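Descriptive analysis of the structure
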Amino acid sequence: MGYGINTDIQTNKIWGSVISFYVQVTTNRNNFDSALRAWGATLKPKIFFSEIAQPGIAEVTVIIHNTTMVTGSSSWRSPDGLNGRDPGRGGTLNLKDTDRVGTIIHEIGHMLGLCHEQDRKNDARATSVRGNYLFGHEVAKRSWPNCKNYGSFNPNSIMLYGSGYEDKTAPDQDDVRTVFEINKK
Ligand SMILES: [Zn+2]
């Protein structure tokens, strides 16, 4: 099914029913809006997004950088400052106006509590080679105590490196199920 924050030790990272966010944008937010709609359509009965017009109040700050001004990857930055390592409630979504919808769906996945699928613990399928990418390359380096397995490995996860998630326009059903499981919805 998926891989996400360990809510046994991370109870403060569980979202309520409403996720408030503030958007700071210099150029356009079209792909962010598409990605948010894609998640919103699947989470609808249980989790809602609510945009707040003033900065400093919302639980999530979304910054959509102008690509001509900024280099580096898009990321979910939790308070620990590590990309994708401490997903869940609270933090900043750093995006670029040229990000593809699939990339933004992936980053919102971190926001919702999902970790990288290739980092799953003790899962042979997550450490096999797919395409040109070695799944589990990060497993070999270190483990992520904040995350745990939910069900079995999902090769179609929006959170899986090397799966072509950048081309997708919606999260996988199991990604949604994992978000509900993590947030106890
Ligand atoms: Zn990621």
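See above for the structure.
Everything numeric here is computed off the predicted structure, so don't read it as measured data.

Assigned secondary structure in the protein consists of four helices and nine strands. Counting from the amino terminus, helix and strand elements in the protein follow one another as β-β-α-β-β-β-β-α-β-β-α-β-α. Here the contacts in the protein between residues at least 6 apart in sequence split such that 76% fall between residues at least 24 apart. A total accessible area of about 8600 Å² is found for the protein, and carbon and sulfur atoms account for 50% of it.

With that settled, consider unusual backbone geometry. Even without glycine at this site, Lys184 takes up a positive phi of about 55 degrees. You can see Lys184 is positioned in the segment after α4 (173-182). A relative accessible area of 56% means that Lys184 is categorised as exposed.

What the rule picks out here adds up to one disulfide. Each disulfide pairs two cysteine sulfurs, and for Cys115 the partner residue is Cys147, the sulfurs being separated by 2.1 Å. Residues Cys115 and Cys147 are joined by a disulfide whose S-S torsion is about -80 degrees; by sign, that bridge is left-handed. Separated by 32 residues along the polypeptide, Cys115 in the loop between α2 (101-111) and β7 (129-130) and Cys147 in strand β9 (residues 147-150) bring together distant segments of the chain.

Cut-offs applied
Residues numbered from 1 in each chain as written. Predicted model: local features only at pLDDT ≥ 70, side-chain atom pairs only at ≥ 80, totals over all residues. Heavy atoms only, no water. Helix = DSSP H or I, 4+ residues; strand = E, 2+ residues; numbered from the N terminus. Contact = heavy atoms within 4.5 Å. Areas by Shrake-Rupley, 256 points an atom, 1.4 Å probe, with all protein chains shown as cover. Buried < 20%, exposed > 50% of the residue type's maximum accessible area, 1.4 Å probe, protein only. Disulfide = S-S within 2.5 Å.

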